[in-house]
Amino acid sequence: MLRLSKLTDYAVVALVRLAQQDEMMTSPSLSHATGIPEPTVAKVLKILAADELVISLRGARGGYRLARPLHEISVARVITAVDGPISLTACVDGGECDARTLCGLCGQWDAVNDAIRGALSSITLADMQTRGQAARGPGAGCAAHDISAAGPAVAV
């Protein structure tokens with residue numbers, strides 16, 4: 001089963017929520033707005049800042065804001081920032097494989113991996129935001145991210 005990590009899911013939620021704000025947001029305020037635990041929000045924001053997806057500002061008027069608009073951030077970029085390179089198997093893109101001499105499929109997963117990477121690169125967070133709002137209606141929340149009611153969200 002292919003499944004994104006919870007941190008990647010939370011990163012997408014945080015980035016989309018930051019885009020809805022005109023001003024800086026603190027980690028606690030973003031936690032409150034998304035329902036994601038504050039320590040997790042802080043961890044995600046640190047990762048996103050290191051990959052230059054968000055800008056952080058320290059001090060009394062500090063917080064976080066997007067470094068670029070949502071239409072310039074692909075799902076693949078977020079996955080790579082949080083989890084590292086998109087790679088279905090160990091041997092993708094010439095990686096090491098313990099069964100290289102036995103399996104006979106060396107390099108064959110590259111086409112599958114490239115297709116998935118291409119699909120994820122073609123979807124922006126603006127696309128995700130637009131599709132999510134259309135599916136739920138304006139102002140509706142996502143039950144998967146209401147951790148107070150149903151436990152932590154599971155990334156899909």
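Quantities reported herein were computed from a predicted structural model and do not represent experimental measurements.

Participant: I would appreciate a short explanation of the overall build of the chain in the present structure.
Facilitator: Each helix and strand counted, the chain has eight helices and two strands in total. Scanning the chain from its N terminus toward the C terminus, one meets helices and strands in the order α-α-α-β-β-α-α-α-α-α. When each of the 156 residues of the chain is scored for burial, the buried share is 33%. Intrachain contacts of the chain at a sequence separation of at least 6 include 64% that bridge at least 24 residues. In the structure as shown, the chain presents an accessible area of about 9300 Å², 56% of it carried by carbon and sulfur atoms.

Participant: Where do I start with a nonpolar patch on the surface in this structure?
Facilitator: A grouping of L105, W109 and V112 is seen on the molecular surface, where their side chains present a nonpolar patch of about 250 Å² in accessible area. Mapping V112 onto the fold places it in helix 6 (residues 109–122). V112 gets classed as partly exposed once you look at its relative accessible area, which sits at 34%.

Participant: So what exactly am I meant to see when it comes to the pairing of strand 1 (residues 54–57) here?
Facilitator: Two faces make up the sheet, and in a regular strand the side chains alternate between them. Direction of pairing for strand 1 relative to strand 2 (residues 63–66): antiparallel, over a ladder of four bridges. When the sheet's bridge partners are listed, L57 is paired in strand 2 with G63. Hairpin connection from strand 1 to strand 2: five residues lie between these consecutive antiparallel strands, with G59 at a positive phi of about 110 degrees.

Cut-off values and rules
- Residues numbered from 1 in each chain as written.
- Predicted model: local features only at pLDDT ≥ 70, side-chain atom pairs only at ≥ 80, totals over all residues.
- Heavy atoms only, no water.
- Helix = DSSP H or I, 4+ residues; strand = E, 2+ residues; numbered from the N terminus.
- Buried < 20%, exposed > 50% of the residue type's maximum accessible area, 1.4 Å probe, protein only.
- Contact = heavy atoms within 4.5 Å.
- Areas by Shrake-Rupley, 256 points an atom, 1.4 Å probe, with all protein chains shown as cover.
- Patch = residues over 30% accessible without salt bridge, like charges linked within 9 Å, V, L, I, M, F, W, Y side chains within 5 Å.
- Salt bridge = Lys/Arg side-chain N within 4 Å of Asp/Glu carboxyl O.
- Pairing = 2+ DSSP bridges.

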